[in-house]
Each structure stands twice: as structure tokens, then as C-alpha cells.
Amino acid sequence: MTSPIRTERRDNVLVVISDNPPVNALGQAVRAGLKDAIEKALSDEAVEAVVIRCDGRTFFAGADITEFGKPPVGPNLPETLDAMEASDKPVVAAIHGTALGGGCEVALACHYRVAVPSAKLGLPEVKLGLIPGAAGTQRLPRLVGAEAALPLVVGGNPISAKKAQGIGLVDEIVGEDSLEADAIAFAKSKIGQPVPRASEGTANEDGVRDPDLFDRFRASQARKIRGFDAPNAAIEAVKAAGTMSYAEGVKKERELFTELMSGTQSAAMRHYFFAERAANKIDDVPRDTPLIPIRKVGVIGAGTMGGGISMNFLSAGIPVTILEMNQDALDRGTGTMRKNYENTAKKGRMTADQVEQAMGLLTPTLSYDELADCDLVIEAVYESIDVKKEVFGKLDKVVKQGAILASNTSYLDMNEIAAATQRPGYVLGMHFFSPANIMKLLEVVRGEKTRDDVLATVMKLSKTIGKVAAVSGVCPGFIGNRMLSKRQEQANALIMEGANYWEVDEVLLDFGFPMGPFQMGDLAGIDIGWHRDPSKVATVREALCAVGRFGQKAGKGYYDYDEARQRTPSNEVKQIIADFAAKEGKEHREISKDEIRERLLYPMVNEGAKILEEGMAQRASDIDVVWINGYGWPLYTGGPMFWAQTIGLDTVVEGLGKHGLPVSNYLRERAADSGKFD
Ligand code: T1G
């Protein structure tokens, strides 16, 4: 098999080129080819400098993640890079695309780095539950210092070539279309000079001057890294660069890396990496299905959801015509969108021009006729099947043939909505999650009659607007809300049986969720959908509303809130619950946190198994993608289905039985068979 690495001579410069699509991952063949090429360069007198570059869309984008968890095959990357750095001939990394992870470490082991303006560099290993494993945590702080290294290694987000040049990671920004030529010229200019080796630098001089730097940084990241192992390991590794010799620091990095690689968090986060990409593929729709061009989008409803949905398209440069029933509602909606953009600009995440650009693509209207030439119309009106069927009937008459009609419904029957039109093949669900311009999840609900090209178009469009999409079949609550309802059922039952509602929240917080069900209720508003009659009290929720406990907005819901919205459990609520339980003849008892966790989470796994058995989700990993992106399931456990496999499906089956909860045949069968869903 030909090596993905080739070399080409340009006078006295040897250009080492990798051609390993799709992202020049540093798999075994690439590492072996790199090693051979470097040995060739070092032994050839005629070669006085080396340039390393990649064909295709990007410089090396990291180690080959598909090799992880398998027996290592040499040569290993650290040794290959050490041999390269030891060269006395200047070695220049010529960077385009995204030099990530091991790719960035290749660049760090080169003596110099040049990059095109559009290039990005980063160390995203923490997003895989790892830290850099080829001396990146030791070379980078020697090149750029601790303050600049920490966000890169601990946050894992890439930076632009310009920013990289600013911190000393990139030596020169070269022409966007003349990378190789400029890199060769740069290499030639360094011939005869002593080569700078990052490993020989002094690390963290800023960290020595400011010893609290590391603790301050850790504190600043506390909320984001809560529960994750890798970020703390990353901080330790960067710190080691300033307190140990290079060799000892590399050893420390290796210890931390190996421990993380063998842990459940990295397995879970590597699972998620591939799960997110798999979710965008539809098994029974050919990848080359022709797509419908989406040049103009219509949105019905300028409320919270309609406005948020519209922003996704405007931010992606796609014009939106937004329709409301009256001018006041329209003005309120467009005003809120502008305010949201301006808030983003205030945080420095957008420029004022970009705000005007986005708002300039928005056309408010009161007339359905203005939607006639839209390629896609998304309805985000009141969650009533009759209202939606009426809206779709109107759209069907007004909007051009071949346009897609989508509903943002969160649980209604898409087949019934599609039947209200003459074009059921062009109808599907696009279930956004509030706030729609922020939450990444998009549940794409495939109707019985939804055409392949319509589905493929919306899946591709989801990536364009920065969403993570998963396909759901038509069932109440689709994937996410259907499983959420099982958790909510148990949460309500548990507090009637004696569990304190704040304990239920704490169990999910400790598990890694951003908040528990009762906190969520207070945040969203207990009074949503309340009949407003304080004399009619049939549930705990109605009892709370009857005494004005509407949630955070009222300063009290399940919890009491102070001005800073800090919550305190309420004795009044505890009594209301106790009275309800007594009325229902429920005996209160001590309930352990283990029982609370099992009764909240295991029924969700069981419902996920039913969703798979009914074909409402393509694969178990899609369910993980839904829960991680739509409901805050902790990424470091891989999602409900991966987590269940990690603790053992038989453990889940046994736990459900112990609590007298139903076990689906499919779950029982999977537990008895391979212990895996997919
Ligand atoms: N290994 C294997 N396959 C990879 C890969 C990788 N590193 N990166 C991408 N792919 C596959 C991906 O699964 C998909 O496959 C296709 O390439 C296109 O990817 C030693 C230990 C580079 C920004 O974490 O961030 O280095 O679905 O759909 O949107 O210290 O891919 O087509 O079959 O994402 O244009 C560190 C991960 C590894 C980078 C391109 N590196 N990749 O995004 O395309 S650990 C990373 C990305 C490491 C060292 C450590 C993105 C991208 P398929 P895509 P994209």
C-alpha cells in the first residue's frame, strides 16, 4: 500500500507532504511515513531545510481517533517528533485548515510555523476526555507561556492564525494561495541559523512571576469543567512544564494521558465524537441524494421560539421572512431579536456590522402571500394540532410547490399535520429547543411520507445553521421529551413518597446535569399552562400556583429565591406536598439517593430501548446525541444509552425490577445478549 506521505525536492528544501483524507489524521501509516521522511532529510547532504505540509482540506487534524483503545502500533508520535526537532536543519510547518491535537504538536515540534490567514490551531484533546499526548503540554508553554497556553490546553478551542501569531505560536502569516512557496522561502531564510527548539525554552515565566495564575484560571473555569477529569489534568500538565525539566514534564504528561485514556470519561467522549457525526447520516437515504436549495426561509410566529429559530438562519446569512398576526406582536418579536444580537455584540461575540447584516436579512410581514417564494417555511405557533393544521393548510395554498413545510412542534403528530396539506412528502418536523438560537439540538421528525431529498436537505441545513440534528420518528414527545416524561413521572412520584424535592434535584446535579426537574420548573415557570383558577387545586403544581409560587420570576416556586436568585428549599412547599401525599394516602418514607438516581434515570434508558425497538430513532447513539445537546446530560458519561452500557444493561434491568418499574423486552434482550444497544 502506498504511503500517505511523499517527499518532493525544491532545490535544497525537502517538502514532506501528507495525503491522508479526510483530515490527515496521524494514523500509523502517516507516522511511519513522517519518520522515514525525516530520516531521509537528515541523511541527505543536499537537503538544507524541510517543509512539512498536507494535501486536502487541512494540516494534520490530530491523532487517528479510530486507533484509540486498540493495541498501539509504532512508530509512536512523540518519538517521531523528537527526532524531527533534534534536526539541525530548519523544519517548518506549513499550516492550513485546522492544525489540531497531534497536528498542533507536529507543528510545535517543528522549529518554525507559518500559516495561511484562514488557518486555525488548537489542542482539543480535552473534548475527548484526554490531554495532548505528544508533548504539547510541555512545548506550548515554553513557546507562549502559561497564560496563553492554559485556555488552549484546558478549553480545547482552536484559535485563529492571527491570534496564534500574536502569542508566538505562529511565526509568519503567509499568502492564502501561496502556502508552499512562502513556506519554502521562509525555510531558506533560516538555513545556517541555529534552530530554535520549543522543548529547550523556559516555560511559564509568566506563571512564575504570577504563581496564583493557575488557581485563578482553574476558578474561572469551575462551572464549565465541573465533573470532567481532563481539564484538571491539563492544568497540572501545563503547570509541570514550569516546575519540572522537559523530560520529567513529558513523563508527567504521559502519566496523566495514560490514566485518562483508560478511564470511562474518555471512552464516553470519544463515543460522543463519532455519535454526533453519525447522527447526521440517514441509513436508508443515499449520501448523494440531491438536495433542495434553501435560499429563503419563512417563519410563522415571532414569539420566543419563532424569533430564536429565525436568528439561526439570519446568523448563517440566510434571509428570513417572519410572519405574525398583528403589528404589535411582529414589532415585539423583531425587537427581541435585535436586542439578543446587541447583547451578543456587547459580549464581543459579534460586531455591530454583523448585527446589522443579520437584521438586514429579516423581512417582517403580516401577509402569508410574502411567503410564496420561500424554499422552507417553519411554523412556530401555539402548540395545538388544530391551529397547526390550519396554518399548514394556508401555507400549502400560498407557498410555491417544492418548498418544504416544517413544524416546530415538540410532540404533536407530524403525520396528522402533513395530512392537512396536498404535499405530505414535503412536510417534516424541525423541533428546536428553547432558546432556539442557543441550544444546539434539532430533532428532525420524519413523517411517514417525508421525501428522502427533503430529509437530506434539512439534515444538511442543520449543519449550516450550527445545529446537531438527530432524526426521530413520529411518536408523542419524539425522542427527548418522550424520555423526559418518564423521568418527570418518577420525580413527582418520589416526592409524594417522602423524597424531598431538593434531594431529587441534588441527585441530578451530582450526576452532572445543569439542574434538576424542580429547579427547571421554577426556571421555566410553574404557571405555564395553568388554568388560573386558585380555587381549583388537583395537583402539587396547581397548589403552588394557587399561592402565587410561579417560579423564579415570582421570587418563589418550589424554592424561595433571594435577589441574586439563590434558591432555598421552602417549608411551605414541603407542607403542601405532605398534605397532598396524606390526601392520597401515601406513606412518607426515607428514600436513598441511590434509589432516587435509579428511579430517575433507569426508566429513561428503558424508554430509549423502546424508542429503538419501535424504530423511532436510527441508533442508540442518536439518543445520546439528543440528551447531551438538548437536556444537558453530562458529556463525560456519553449519554443515557452509552452510560447504561457502561454501568451494565443488566444492572439497569435489575434496578428497574427492584423498584417495580417496567422493563422493555428489547432492553431485557440486549442485557442478556451483548450488553450493548447498537
Ligand atoms: N481521527 C479520525 N477520524 C477523524 C478525526 C480524527 N482525529 N477527525 C475527523 N475525523 C473524521 C470524522 O469522523 C468524519 O468521518 C470525517 O473525518 C470528517 O470530519 C496525540 C491524542 C478536523 C475540525 O480532536 O474537530 O491528537 O463521518 O465531519 O466538520 O495529543 O473533524 O466522514 O466518516 O468533523 O469539516 C485531536 C477532531 C485528536 C480533531 C473537521 N484532534 N476532528 O471538521 O468534518 S486526539 C481532534 C475535528 C490527539 C494527540 C492527541 C473535525 C475537524 P466521516 P468532520 P468537519
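Residues numbered from 1 in each chain as written. Predicted model: local features only at pLDDT ≥ 70, side-chain atom pairs only at ≥ 80, totals over all residues. Heavy atoms only, no water.

1. Examining the site of the ligand
Argument step 1. Looking at the ligand, there are 26 residues lining it, with Arg57, Ala63, Glu105, Arg277 and Lys281 nearest.
Argument step 2. At a separation of 2.9 Å, a nitrogen atom of the ligand approaches a polar backbone atom of Ile65.
Argument step 3. Protein chains shield 76% of the accessible area of the ligand, which is 1,000 Å² for the free molecule.
Argument step 4. Taken together, the elements giving at least two residues each to the shell around the ligand come down to strand 5 (98-100), helix 3 (102-109) and helix 13 (264-279). (Near = heavy atom within 4 Å. Polar contact = N/O pair within 3.5 Å; in protein donor to acceptor, adjacent residues only side chain to side chain. Areas by Shrake-Rupley, 256 points an atom, 1.4 Å probe, with all protein chains shown as cover. Helix = DSSP H or I, 4+ residues; strand = E, 2+ residues; numbered from the N terminus.)

2. Overview of helix 12 (residues 246-261)
Argument step 1. With 16 residues, helix 12 ought to run about 22 Å at 1.5 Å a step, and its terminal C-alpha atoms sit 22 Å apart, in line with that.
Argument step 2. For helix 12, every residue scored as buried is listed here: Tyr246, Gly249, Glu253, Leu256, Phe257, Leu260 and Met261. Projected down its long axis, helix 12 shows its buried positions confined to an angular sector of 130°, all on one face. Residues of helix 12 that are exposed and point more than 90 degrees away from the buried face comprise Ala247, Lys251 and Glu259.
Argument step 3. Summarising the contacts, the buried residues of helix 12 are in contact with helix 2 (77-85), helix 4 (136-144), helix 11 (230-243) and helix 13. (Expected span 1.5 Å × (residues − 1). Buried < 20%, exposed > 50% of the residue type's maximum accessible area, 1.4 Å probe, protein only. Arc of directions from axis to C-beta. Contact = heavy atoms within 4.5 Å.)

3. With respect to the packing of aromatic side chains
Argument step 1. In total, this model carries 22 aromatic pairs according to the counting rule given.
Argument step 2. On the basis of an interplanar angle of 75° and a centroid distance of 5.1 Å, the ring pair of Tyr501 and Tyr559 is categorised as edge-to-face. With Tyr501 in helix 21 (residues 501-511) and Tyr559 in strand 18 (residues 559-561), this residue pair connects regions lying 58 residues apart in the sequence.
Argument step 3. Taking the relative accessible area as the measure of exposure, Tyr501 reaches 2% and is therefore buried. (Phe/Tyr/Trp six-rings, centres within 6.5 Å; stacked < 30°, edge-to-face > 60°.)

4. Topic: the sheet that holds strand 2 (residues 13-18)
Argument step 1. Pairing in this open sheet of six strands is mixed, and the strands run 1-2-3-4-6-9 from one edge to the other. Looking at the sheet topology across the chains shown, the edges are occupied by strand 1 (5-10) and strand 9 (172-173).
Argument step 2. In the sheet, strand 2 pairs with strand 3 (residues 49-54) via six bridges, with the strands oriented parallel. Across the sheet, residue Ile17 finds its bridge partner in strand 3, namely Arg53. (Pairing = 2+ DSSP bridges.)

5. Here we look at the environment of Lys440
Argument step 1. Within the secondary structure layout, Lys440 lies in the loop between strand 15 (427-432) and strand 16 (441-445).
Argument step 2. Residues Lys440 and Asn629 lie 189 residues apart in sequence; the distance between their C-alpha atoms is 5.8 Å.
Argument step 3. Look past the residues within four positions of Lys440 in its chain and what remains in contact with it is Gly466, Lys467, Val468 and Asn629.

6. Structural notes on unusual backbone geometry
Argument step 1. The omega torsion of the bond from Pro21 to Pro22 falls at 5°, within 30 degrees of zero and hence cis.
Argument step 2. On the secondary structure map, Pro22 appears in the loop between strand 2 and helix 1 (28-43).
Argument step 3. Going from Ser434 to Pro435, the amide bond is cis rather than trans, its omega being -5°.
Argument step 4. Here Pro435 is to be found in the loop between strand 15 and strand 16.
Argument step 5. Unusually for a residue other than glycine, Arg532 sits at a positive phi of about 70°.
Argument step 6. Examined against the element boundaries, Arg532 turns out to sit in the loop between helix 22 (517-524) and helix 23 (540-546).
Argument step 7. Taking the relative accessible area as the measure of exposure, Arg532 reaches 48% and is therefore partly exposed.
Argument step 8. In the Ramachandran plot, Arg565 falls in the positive-phi region, its phi being about 60° despite a non-glycine side chain.
Argument step 9. In this structure, Arg565 sits in the loop between strand 18 and strand 19 (567-569).

7. Notes on the sheet that holds strand 8 (residues 159-160)
Consider a sheet: its strands pair through backbone hydrogen bonds, and that pairing is either parallel or antiparallel.
Argument step 1. The mixed open sheet is built from three strands, whose spatial order is 5-7-8. Looking at strand neighbours, the two that pair on one side only are strand 5 and strand 8, the edges of this open sheet.
Argument step 2. As defined by bridge partners, strand 5 adjoins strand 7 (residues 120-122) across three bridges and the pair is classed as parallel. Each residue of the ladder has a partner; that of Ala99, found in strand 7, is Leu121.

8. Remarks on the pairing of strand 4 (residues 91-95)
Argument step 1. Within strand 4, five of the five residues are buried, which leaves it mostly tucked inside the rest of the structure.
Argument step 2. Going residue by residue along strand 4, you find Val91, Ala93 and Ile95 tucked away on one face and Val92 and Ala94 tucked away on the opposite face as well.
Argument step 3. Pairing of strand 3 with strand 4, which is carried by three bridges, proceeds in the parallel orientation. Across the sheet, Val51 pairs through a bridge with Val92, a residue of strand 4.
Argument step 4. The parallel pair strand 3 and strand 4, bridged by helix 2, forms a crossover whose chirality is right-handed. (Right-handed = clockwise from strand over helix to strand, strands pointing away.)

9. Some remarks on a positive patch on the surface
Argument step 1. Taken together, Arg57, Arg277, Lys281, Arg287, Lys460 and Lys463 make up a surface patch of like positive charges.
Argument step 2. Mapping Lys460 onto the fold places it in helix 19 (residues 452-464).
Argument step 3. Residue classification places Lys460 among the partly exposed positions, given a relative accessible area of 46%. (Patch = residues over 30% accessible without salt bridge, like charges linked within 9 Å, V, L, I, M, F, W, Y side chains within 5 Å. Salt bridge = Lys/Arg side-chain N within 4 Å of Asp/Glu carboxyl O. Lys, Arg positive; Asp, Glu negative; His and termini not counted. Charge placed at Lys NZ, Arg CZ, Asp CG, Glu CD.)

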